[in-house]
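Observations on chain architecture
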Amino acid sequence: QVQLVESGGGLVQAGGSLRLSCEASGRTFSNYIMAWFRQAPGKEREFVAAVSRSGERSSYTDSVKGRFTISRDNAKNTVYLQMNNLKPEDTAVYYCAADRTRVTLTSRKYNYDYWGQGTQVTVSS
């Protein structure tokens, strides 16, 4: 089992930047595909980005391509989400998630085995 703790959320104006971090503990971090999801009030939790175990491959939902970058540091057991040019519609609770079994990156939340508690990101217009 792995424990995930997110940090780095906050309030930012539109056009600003934030970097989210998710630190893992409990198992070998490099064994897991890592991802970020988000959930806005009254909406389903949606996929944002995922990164492979080595960090060489990543995928993004269309609405964040060119603005967000997912990365990981296996020596620090941490995955990051750099968010630039933030928009009010990016406002949500952001969750990191870990997938222990799949080979390819997936955007399906049901494929992820472990979740953090979430960190709030609020973008004002």
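Look up: the structure comes first, before these words.
One structure accompanies this document, and this report is about it. Here the structure is a predicted model, which is why all the values come from computation and not from measurement.

Two faces make up the sheet, and in a regular strand the side chains alternate between them. The alternating pattern of strand E7 (residues 68-73) places Phe68, Ile70 and Arg72 on a buried face, while none of Thr69, Ser71 and Asp73, on the opposite face, is buried. Two elements, E7 and strand E8 (residues 78-83), share six bridges in a ladder whose sense is antiparallel. Bridge assignment links Asp73 to a residue of E8, and that residue is Thr78. Turn length for the E7-E8 hairpin, with the two strands adjacent in sequence and antiparallel, is four residues, and the turn residue Asn77 shows positive phi of about 55 degrees.

As a further point, take the pattern of salt bridges. Per the counting criterion, the structure on display carries seven salt bridges. When the shortest N-O distance is used, the salt bridge between Glu46 and Arg38 registers 2.7 Å. Overall, the relative accessible area of 36% leaves Glu46 in the partly exposed class. In this structure, Lys65 engages Asp62 in a salt bridge whose closest nitrogen and oxygen atoms are separated by 3.0 Å. Assessed through its relative accessible area of 48%, Lys65 is described here as partly exposed.

Looking now at the packing of aromatic side chains. Under the definition given, this model contains five aromatic pairs. With a centroid separation of 5.6 Å and an interplanar angle of 75 degrees, the aromatic rings of Phe37 and Phe47 are classed as edge-to-face. Of this pair, Phe37 sits in strand E4 (residues 33-39) while Phe47 sits in strand E5 (residues 46-51), placing them 10 residues apart in sequence. Phe47 gets classed as buried once you look at its relative accessible area, which sits at 10%.

This part covers the sheet that holds strand E1 (residues 3-7). Overall, antiparallel pairing links the four strands, which are arranged E1-E3-E8-E7 in an open sheet. Where the open sheet ends on each side, the last strands, each with one partner, are E1 and E7. Put simply, the sheet's adjacent strands are angled 15 degrees from each other on average, direction ignored. The pairing of E1 with strand E3 (residues 18-25) spans five bridges and is classified as antiparallel. Each bridged residue has a counterpart across the sheet, and for Val5 the counterpart in E3 is Glu23.

Rules behind the numbers
- Residues numbered from 1 in each chain as written.
- Predicted model: local features only at pLDDT ≥ 70, side-chain atom pairs only at ≥ 80, totals over all residues.
- Heavy atoms only, no water.
- Buried < 20%, exposed > 50% of the residue type's maximum accessible area, 1.4 Å probe, protein only.
- Helix = DSSP H or I, 4+ residues; strand = E, 2+ residues; numbered from the N terminus.
- Pairing = 2+ DSSP bridges.
- Salt bridge = Lys/Arg side-chain N within 4 Å of Asp/Glu carboxyl O.
- Phe/Tyr/Trp six-rings, centres within 6.5 Å; stacked < 30°, edge-to-face > 60°.
- Axes fitted to C-alpha atoms, helices over the stretch in contact; angles between N-to-C directions.

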